[in-house]
Amino acid sequence: MLARLWDSDGFWAFRHSPAAILAALVAILILGGALLAPWIARSNPYDLTTFSLIDGLLPPVWETGGNARFLLGTDDQGRDMVSAILYGARLSLLIGLMAMLIASVLGVGLGLAAGYFGGRFDAVVMRIADVQLALPAILTALLIDGIARGLLPPSMLENLRVVVLTLAIALSLWVNFARTARASTFVERNKEYVQAAMIMGQHPLRVMFWHVLPNILGPLLVIMTVDLASAILLEATLSFLGIGLPADSPSLGTLIRIGMQFLLSGEWWILWVPTLFLVALVVSINILGDFLRDVFNPRLR
Amino acid sequence: MTYFILKRLFQSVFVMLAVALLAFSLFRFVGDPVSQMTGVETSVEDRERLREELGLNDAFVTQFVRFTGDLLQGDFGFSYRTRQPVAEMIADRIPATLELGTVALIISLIVGIPAGVYTALRPRGLATQALLLTTLVGVSIPTFVIGIMLIFLFGVQLGWLPTFGRGGTVQIGGWTSSLFTVDGWRSLLLPALTLGVYQLTLTMRLVRAEMMEVMRSDYIRFATARGIPYRRLHFRHALANTMIPVITIIGLQFGGVIAFSIVTESVFQWPGMGLLFLESIRFVDIPVMGVYLVVIAFFFVLVNLIVDLLYVAIDPRLRVKEAA
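All values derive from a computational prediction rather than experimental measurement.

Each value, and the rule that gives it
Residues numbered from 1 in each chain as written. Chains lettered and ligands numbered in written order. Predicted model: local features only at pLDDT ≥ 70, side-chain atom pairs only at ≥ 80, totals over all residues. Helix = DSSP H or I, 4+ residues; strand = E, 2+ residues; numbered from the N terminus. Buried ≥ 20, exposed ≤ 12 C-beta atoms within 10 Å, placed from the backbone. Contact = placed C-beta atoms within 7 Å. Nonpolar A, V, L, I, M, F, W, Y, C, P; charged D, E, K, R; others polar. Core = buried A, V, L, I, M, F, W, Y, C linked by C-beta atoms within 7 Å.

> Sorry, what's going on with the overall build of chain A here?
Scanning chain A from N- to C-terminus turns up 13 helices and zero strands. When burial is assessed residue by residue, chain A has 47% of its 301 residues classed as buried. For chain A, restricting intrachain contacts to residue pairs at least 6 apart in sequence, the fraction spanning at least 24 positions comes to 68%.

> Looking at this model, I keep getting lost on the interface of chain A and chain B. Mind explaining?
How big an interface is tends to be expressed through the accessible area that disappears when the partners come together. On the chain B side, the residues contacting the 30 residues of chain A number 28 residues. Those elements that place two or more of their residues in the side of chain A that touches chain B are α7 (137-151), α11 (217-240) and α13 (268-296) of chain A. Per-element tally for the side of chain A that touches chain B: the top contributor is α7(A), with nine residues. Grouping the amino acids of the side of chain A that touches chain B by side-chain chemistry returns 21 nonpolar, six polar and three charged.

> Got a minute to help me understand the environment of A:I144 in this structure?
Residues and elements named next belong to chain A. Here I144 is to be found in helix α7. With 102 residues separating them in the primary sequence, I144 and P246 have C-alpha atoms 17 Å apart. Sequence-distant contacts of I144, defined by excluding residues within four places in its chain, comprise A168, L171 and S172.

> Would you mind showing me how to read the nonpolar core here?
As a rule of thumb, nonpolar side chains are buried together in soluble globular proteins. The biggest cluster of nonpolar side chains holds 157 residues, and the ones touching the most others in it are A:I85, A:I169, A:L173, A:A178, A:V282 and B:Y292. The greatest single-element share of this core, amounting to 19 residues, is contributed by helix α5 (residues 81-117) of chain A. Excluding its chain neighbours within four sequence positions, the residues that come into contact with A:I169 are A:I95, A:A99, A:A141, A:A231, A:L234 and A:E235.

> Explain the environment of B:V86 here, please?
All names here are of chain B. The topology assignment puts V86 in helix α5 (residues 86-121). Given 24 C-beta atoms within a 10 Å radius, V86 is considered buried. For the pair V86 and V111, spaced 25 residues apart in sequence, the C-alpha separation works out to 37 Å.

Written out as structure tokens, the structure reads:
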């Protein structure tokens, strides 16, 4: 599978697309920084002993008054901005990736089954998808979050913030996967290899996941990339609105929310460092998604 | 034709009932209404009596029918948080959101459609490449960041425009409007731009895709071969045929505008329904959440119904199909 991908037209196109290479580099850099945050960050935003108020509100190193220990300055608590965005990206990417994976497993499973079996099951799944598609993802996520707040006792809710947020995002993104998987499965199931597998009496699950799934991976990969960006954006938006993560476990959205308080007071770096970091991350993922779309659907080029 | 309209109406009623059921389930199963209305000192007997009075011991279906009946009569219940009637709270906020959404939608269409046509007709042009790159960045930048950027530029750096609230409003009947004062327009500009930019990129990309599709079709090639002037070809023959998807976009975008108005209203402290909804989530104010859903669903259904009717008016083929 991997070797085939390596030699494919897609990889050739990748080597010849500077935008895609640049985007991939930025994404990998951010991902690497997020993964290695505990080892490369100079202070831990969760650990009060690693920073002190004395270092508060220092500007980035190139401004007058900047300190070489804090490349991008510090916030009002004396937290190093570089460490803050690395840890923030860690949390944002964790939630985004988990939400995207849950959404893809749920959506692809339902879509495959709907396309394969058709009939009443297909009708029910697709009606639900239609209704949910009419509601924008952010509304669905807000609603699920609100319901969780009502159902869970407050003490439990505090510990489950990340889980609730991830599930709320996942449940608002599965529709894309389901629709794409279903449409592709419809096409595949009438092809001879699927018909042959069915006639041989193979189990429907085996036909779906062993025969059909590998052949519809292309379009799904595009959705995965695009939805990863959406999931990260959703998390950031919810946290920015104060619905997502609390201030003591700052994701990129929370950092921007905190930075907003300094919008008028001249400490621009507290707001713009996490904001630009988030935009760079999402733009690079979207460029990759766009690139993949072009590769898998050459007619659009 | 009549059959088509009746069928659509029936579907709309069904959707509304489904949303009402959702709102009712929220109200009934998320949190306990009785404990919300009573204090710690209320005795168990009093609670039981209240439960009986409110009809919470009746069968689920009976309760749902009563709930729907109340909704239809405009009785939306009381907020857990402010103890005010929810109907009043929502009605107060509707004008702000609708004005914001409408202006944003108009911005997105006025700029988005021509830009989409242009980029479709000159796919290799430099301006096209620049526009497409801008929209890609535009889609990737979250609404709230666009809002922050606009506040920073026009509110803080240049100091031209106010950055929060609705500014001067005029009361017309029960409708508080900010469209009739200069101050109101100044306040409206930044939020509407924030909300419009994201929609704009979507409009442009969809119009472009549709237009390119149409330009490839046989009848356009034939029209080109016949020597029809380009202006006429592009705008009369091609653009007219992209109108169906464009109208669909408007219908779909309405949903996006409403949803993202939650974010925009939060950034600009715009006193609309979105801000109310956010507050109600934060305080688990279930009645307000439920009614917000019902009201939004009602607007959705209404807009989609109008869109469907417009299809029939615009596309002669649909009318023929009905007749056959």
